[in-house]
Amino acid sequence: MSLASHVLRLINSDLLDSECADVRRYVRQGVTDYQVTLLAAMVRDVGSGSLGAGVSAGSMMSLCHEFSASLTRLTHNLLATRLLSTPLQETLLAQLGLSPWQEDADWPLSVKPRSLAVLAQVLLLNQEGPGPDQLDGRQATVLIWSSLLRTLTRRILGDAEADGDDLNVEHAQLLLFLFHSLELMQKKNVLIQCADVIIKVAPALDAPMSAAQVLHLARLLVVFEYMVRNLYDAPSFLIDQVRSNLLGRVPGAEKLYIPCKEVEGVAESRAGAGGGGEPPCFYSLTHSDSGGGDPLRLDGLASSFLLSTPDALDYRAFYVALVGLLRVGGQADLEARVAPLTPAGRVNVHYCFTIACR
């Protein structure tokens, strides 16, 4: 492990950080698909925690952190200095399972922070539009949002299911951070798509839903709640969260997010009583109160887009669907339910109902 860390540091200091044009040209021409695939495999392994699995505190754990830091710097330097060509950047994202250009493929919901950091770097470094050797970062972001909403639709309607695949908070924070990099009309289209998905999934409440379906519905609503309150400008707390959780993450540090206070205490008590696995993170993406006596306001542009786009969104149908989502509170006691929801499933219902009310 120590030797591997030294090799990565050597590559960083003598090759990637070199100011010699000939050295940089050599590196750019020498990087191949195989090496990028190997890099993606290391990012996945380190991000999944398998590198330090079974390692107790001590010198070995210190070596794991050292290797992780060296790998982070290597990945950053390769991308920031544009030593990876456009095809190799696409290969890197594809090997991480995060390619925006896979049509009709489900977008992964649960993504480790280290992989998300790579995705963020690739897209943010390509925000100025496509050039002779440059991705279109904004268009890729739009494609990701379309894939995400399509995947959530399938999961809520029960057309596709993947055990344990849940939209983790770091993933949601990054997607909203990238959302703010879009042009205004692109933001409008994503917002309208999200509202349209709410119309499509509302009928799912007519039948018993699984605990996972209810949780996916809650994730959709919490994303939509953020958009209608913060469409135009990114709030400072979101920038701080992305910086802390992804771009400047310290190994072992707790993730920064807004907990859903109405649910978190209940979830902890139910988990302790049930003795099951770790409960999902019940997060909010915006503050549920203004910190004072005034209620939170909706974003004026978001409201205008929802109300004045009849060719893209049937607002009456959307309003009916949104009010109808309050029926999720009765999911736990539906007569048609064959098997009762578990205590964890009832917490999911509580969480979803809380977001729907807001």
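Anything mentioned here points back to the structure above.
An account of the accompanying structure is given in this report. (Residues numbered from 1 in each chain as written. Predicted model: local features only at pLDDT ≥ 70, side-chain atom pairs only at ≥ 80, totals over all residues. Heavy atoms only, no water.)

1. Points about the nonpolar core
Okay, step 1: Ranked by internal contacts, the top residues of the largest apolar core, which has 100 residues, are Leu 217, Leu 220 and Tyr 351.
Okay, step 2: Broken down by element, the residue count for this core peaks at 12 residues, all from helix H10 (residues 211-230).
Okay, step 3: Residues contacting Tyr 351, with those up to four places away along its chain left out, are Leu 215, Ala 218, Arg 219, Val 222, Cys 260, Val 263, Phe 282 and Tyr 283. (Core = buried A, V, L, I, M, F, W, Y, C linked by side-chain atoms within 4.5 Å. Buried < 20%, exposed > 50% of the residue type's maximum accessible area, 1.4 Å probe, protein only. Helix = DSSP H or I, 4+ residues; strand = E, 2+ residues; numbered from the N terminus. Contact = heavy atoms within 4.5 Å.)

2. Things to note about a nonpolar patch on the surface
Okay, step 1: Together, Leu 307, Tyr 315, Tyr 319, Val 320, Val 323, Leu 326 and Phe 353 make up a nonpolar patch on the protein surface, roughly 640 Å² of accessible area in all.
Okay, step 2: When residues in the nonpolar patch are grouped by element, the largest group, 4 residues, is from helix H14 (residues 315-324).
Okay, step 3: For Val 320, the location among the structural elements is in helix H14.
Okay, step 4: Judged by relative accessible area, Val 320 falls into the exposed class, the value being 52%. (Patch = residues over 30% accessible without salt bridge, like charges linked within 9 Å, V, L, I, M, F, W, Y side chains within 5 Å. Areas by Shrake-Rupley, 256 points an atom, 1.4 Å probe, with all protein chains shown as cover. Salt bridge = Lys/Arg side-chain N within 4 Å of Asp/Glu carboxyl O.)

3. Considering the pattern of salt bridges
Okay, step 1: Taken as a whole and judged by the stated rule, the model has 12 salt bridges.
Okay, step 2: Here Asp 166 makes a salt bridge to Arg 219, at a shortest N to O gap of 2.7 Å. In this pair, Asp 166 is assigned in the loop between helix H7 (137-157) and helix H8 (169-179) and Arg 219 in helix H10, connecting sequence segments 53 residues apart.
Okay, step 3: A salt bridge links Arg 243 to Asp 240; the nearest nitrogen and oxygen atoms lie 3.2 Å apart. You can see Arg 243 and its partner Asp 240 sitting in helix H11 (residues 236-247), 3 residues apart, about one turn around the helix.
Okay, step 4: Arg 243 sits in the partly exposed class, given a relative accessible area of 48%.
Okay, step 5: For Asp 240, a relative accessible area of 37% translates into the label partly exposed.
Okay, step 6: A single salt-bridge network, built from bridges that share partners, covers Asp 106, Arg 154, Arg 155 and Asp 165.

4. Quick look at helix H3 (residues 33-48)
Okay, step 1: Taking 1.5 Å per residue as the helical rise, H3 with its 16 residues ought to reach 22 Å, and the 22 Å between its terminal C-alpha atoms agrees with that figure.
Okay, step 2: Within the span of H3, buried status applies to Val 36, Leu 39, Ala 40, Val 43 and Val 46. One side of H3 carries all its buried residues, which in axial view fall inside an arc of 135°. (Expected span 1.5 Å × (residues − 1). Arc of directions from axis to C-beta.)

Read these as spatial facts, not as claims about activity.
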